Amino acid sequence: MSEPTFVDARRRLEAKDRSLRDKRLSVEAAAALVRDGDHVAIGGCLYSRTPMATLREILRQRRGGLTLSRNLMCYEGELFMVAGAATALVTSWMGIGLPWGLSRILREFVEGQRVRFEECSHLTIGLRYRAGAMGVPFLPTFSLLGSDLLMTAGARTITCPFTGELVCLVPALFPDVGLVHVHRADRFGNAQIDGYPHMDADIAAAASTVILSAEEIVDTEVIRRAADRTVIPFFAVDAVVEAPYGAYPHECYGRYDADFAHIDAYARGVAAGGAAAVQEYLREYVDGPQTFEAYLERFGRARLLEQSRIARELTS
Amino acid sequence: MEYTAPELLAVAASRLLADNKIVFAGVGTPLLASALARTTHAPHLTIVVEGGVIGPEIQPGRLPISTNEMRAGLRAMALPSITQVFLYAQRGFFDYGFLGGAQIDPFGNINTSVIGPIDRPRVRLPGSGGANDIISHCREIFIVTTHERRRFVERLDFVTSPGYLGGADGRRRAGLLFGKVTRVVTDLALMDFDPETKRMRLAGLQPGVAVEQVREHTGFDFAVPAHDVRVPPPTPEELRILRTLDPDRAFLG
């Protein structure tokens, strides 16, 4: 991946239409904004608020050569590797969670040198998005010092010109596309998130193109009444996709719990069958259902409502 | 009383946490240890979780599997962004951090990235996550892990998280001005570090364990105290609380 410089990133931003306009698109039209070879930054974290509806459509459209970046990468990374869509991962950690152990797919693709793994720490990937969001080429930190992650994160050390102490500089990430799933947005792209903010606001400001999906599209009046809740302003957003249950089977804070039975079945399948099991999953959940609604029907209405009930109980 | 290795680890780790402090805890044993400490001797201990949670109240039967899911933030006092949580760590707000690792060397350096060379790994591990940040920024670090020879190695394949690096002034020379690894809690022993050389040494034995056993399961030499030091076994009350917290034994083994 050759990341654009802060100058390139600024020029790209200046050149695009940042007007207050209706940006509602179908998920198909929004996903078509992603080009082969793009760096795609994924919002949420692990199995929380993953922009699944958009990711699924990018896979369906057979994009290739993508670099995926995410703070903690869940099995969406496996889907992209096995589908042949991703050639590099920028992340601090990849897996599903402690109970499921090492990712067999990650091992196969990275050990086989089919996919590059550019490892950062959790803070430094956050600072790399933050630097992008600030429009600066790097940010200083005391993470990574003395470790081998300095190399894998593309970081440098310098002597601080003020104090004479060593400081680590991490390079900005300017993703071509940022994918963010939120609780509510208006048609212009003003977006509000409940619960964990993760790194989404920084990703949205750092990326050249932002595809926003939302549990619900609300009137701008609703946004104005709680403007302090708006974490992504419209001018950072290029497409607004209405996608209820748009992170499913991952969780959306207060809206629905992660479908652990589904995730567990997937993980068991992959542990037993490897990449072939992922291919099977892609056929059944990505290529099979023609629309996201059809995809959700595979889980069934009752299951979705039950996951919503659990989420309300957990956050009430 | 019978107990599992995870129960022993959680109990031994919880006793390292003093009241009125702030602990950066990952899911699994660290969170159980912190929740246990809050129930026993440290009711004013504040838990901070990597996914962006300050001051959650961990609830029995609702243990989170990841640090950024709803169960990690129950009744929290604040839900900042992940970057912000780590920046609070860098600023110096957090007293304790817990870490594990696939490989740990005598100076408390940790590898959770790769076995074998980085450009051609034999085993690609999940990666740092927040480990590098926690060990770089929290004031005091506890390593908590099962004691295995393949884990405690003389040399790491990759330094994901810096302990004392090359020893004595290793951290200082790398620019790490704050924080230190002070204890290694295992199912066989409690280890600490020589104040001069910063090399790991035996500080105490878990109940029923002999020094020879620790040697057998450690891939490097370590100093042994002149007198036999024993870690007190888990009390029935500590075990009862742990088992209430994790009734399905998702993390207790």
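As a reminder, the structure under discussion sits directly above these lines.
Every value quoted in this text rests on a predicted model; they were computed, and no experiment measured them.

Undergrad: I keep staring at the overall build of chain A and nothing clicks. Help me out?
TA: Helices and strands together make up the secondary structure of chain A, namely 13 helices and 12 strands. In terms of overall size, chain A behaves like a compact globule, its C-alpha atoms giving a radius of gyration of 19 Å where 316 residues would be expected to give roughly 20 Å. Oriented by its inertia axes, the alpha-carbon framework of chain A measures out at about 60 × 50 × 40 Å. Long-range pairs, those at least 24 residues apart, make up 75% of the contacts in chain A with a sequence separation of at least 6.

Undergrad: Looking at this structure, I do not really get helix α12 (residues 292-299) of chain A. What am I missing?
TA: Residues and elements named next belong to chain A. Turning to α12, its buried residues are F292, Y295 and L296. Around the axis of α12, the buried residues are gathered within 95° of arc, so they sit on the same side. Turned more than 90 degrees off the buried face of α12, the exposed positions are E293, A294, E297 and R298. Those residues of α12 hidden inside the fold are in contact with α2 (27-31), α3 (52-60), α11 (275-287) and α13 (301-315).

Undergrad: Looking at this structure, I do not really get the sheet that holds strand β6 (residues 156-159) of chain A. What am I missing?
TA: One key point about sheets: their strands pair by backbone hydrogen bonds, in either a parallel or an antiparallel sense. Residue and element names in this part refer to chain A. Across the sheet, which stays open at both edges, the three strands sit in the order β5-β7-β6 with antiparallel pairing between neighbours. For this open sheet the edge positions go to β5 (138-141) and β6, each flanked by a neighbour on one side alone. If you compare each strand with its neighbour and ignore which way they point, the axes differ by 35° on average. With four bridges connecting them, β5 and strand β7 (residues 166-171) associate as antiparallel partners. Bridging from a neighbouring strand, T141 pairs with C168 of β7. Sheet strands touched by helix α6 (residues 122-134): β5 and β7. Its angle to β5, the strand with the most contacts, is close to 145°.

Undergrad: What is the right way to look at the packing of helix α10 (residues 260-273) of chain A against α11 of chain A in this model?
TA: Between two packed helices, the angle of one axis relative to the other and the distance separating the axes together describe the packing. All names here are of chain A. At a closest axis distance of 6 Å, the pairing of α10 and α11 adopts a crossing angle of 140°. Judged by the angle between their axes, α10 and α11 are oblique. Contacts between α10 and α11 involve Y266, G269, V270, A272 and G273 from the former and A276, A277, V278 and Y281 from the latter. When the residues that make up the contact of α10 with α11 are grouped by side-chain class, the tally is seven nonpolar, two polar and no charged.

Undergrad: Help me out: how do you make sense of the packing of helix α2 (residues 29-39) of chain B against helix α7 (residues 236-245) of chain B in this one?
TA: Residue and element names in this part refer to chain B. Where α2 meets α7, the closest approach of the two axes is 10 Å, and the angle between their N-to-C directions is 125°. One finds that α2 runs oblique with respect to α7. As α2 packs across α7, the resulting crossing turns out to be right-handed. Of the residues in α7, those in contact with L32, A35, L36 and T39 of α2 are E238, I241, L242 and L245. Split by residue class, the contact of α2 with α7 holds six nonpolar, one polar and one charged.

Undergrad: Can you help me understand unusual backbone geometry in this one?
TA: One can expect most non-glycine residues to show negative phi and most peptide bonds to be in trans. With an omega of 10°, the peptide bond between Y248 of chain A and P249 of chain A qualifies as cis. At H198 of chain A, a residue that is not glycine, the phi angle is positive and equals roughly 50°. Examined against the element boundaries, H198 of chain A turns out to sit in the loop between β9 (191-192) and α8 (200-206). The exposure class of H198 of chain A is buried, given the 28 C-beta atoms found within 10 Å. Phi at K198 of chain B is positive, roughly 65°, even though this residue is not glycine. Structurally, the position occupied by K198 of chain B is in the loop between β11 (189-193) and β12 (200-205). The class for K198 of chain B is buried, based on 21 C-beta atoms found within 10 Å.

Undergrad: Sorry, what's going on with the interface of chain A and chain B here?
TA: Bring the parts together and some accessible area is lost; that lost area is often taken as the interface size. Each partner contributes to the interface: chain A provides 54 residues, whereas chain B provides 47 residues. Secondary-structure elements contributing two or more residues to the side of chain A that touches chain B are α5 (104-111), β4 (116-119), α6, α7 (149-152), β7 and α13 of chain A. If one sorts the elements of the side of chain A that touches chain B by residue count, α6 of chain A sits on top with five residues. When its residues are assigned to classes, the side of chain A that touches chain B shows 27 nonpolar, 18 polar and nine charged.

Undergrad: I would appreciate a short explanation of the sheet that holds β11 of chain B in the present structure.
TA: Residue and element names in this part refer to chain B. An order of β3-β2-β1-β4-β9-β10-β11-β12 is seen for the eight strands of this open sheet, with the pairing classed as mixed. At either margin of the open sheet sits one strand with a lone partner, and together these are β3 (53-54) and β12. Sheet topology note: the strand β2 (residues 46-49)/β3 ladder contains two bridges and is antiparallel. Residue pairing in the sheet places V49 in a bridge with V53 of β3.

Analysis parameters
- Residues numbered from 1 in each chain as written.
- Chains lettered and ligands numbered in written order.
- Predicted model: local features only at pLDDT ≥ 70, side-chain atom pairs only at ≥ 80, totals over all residues.
- Helix = DSSP H or I, 4+ residues; strand = E, 2+ residues; numbered from the N terminus.
- Rg over C-alpha atoms; globule rule 2.2 N^0.38 Å.
- Contact = placed C-beta atoms within 7 Å.
- Buried ≥ 20, exposed ≤ 12 C-beta atoms within 10 Å, placed from the backbone.
- Arc of directions from axis to C-beta.
- Pairing = 2+ DSSP bridges.
- Axes fitted to C-alpha atoms, helices over the stretch in contact; angles between N-to-C directions.
- Parallel < 35°, antiparallel > 145°, perpendicular 65-115°, else oblique.
- Nonpolar A, V, L, I, M, F, W, Y, C, P; charged D, E, K, R; others polar.
- Left-handed = near helix turned anticlockwise from the far one by under 90°.

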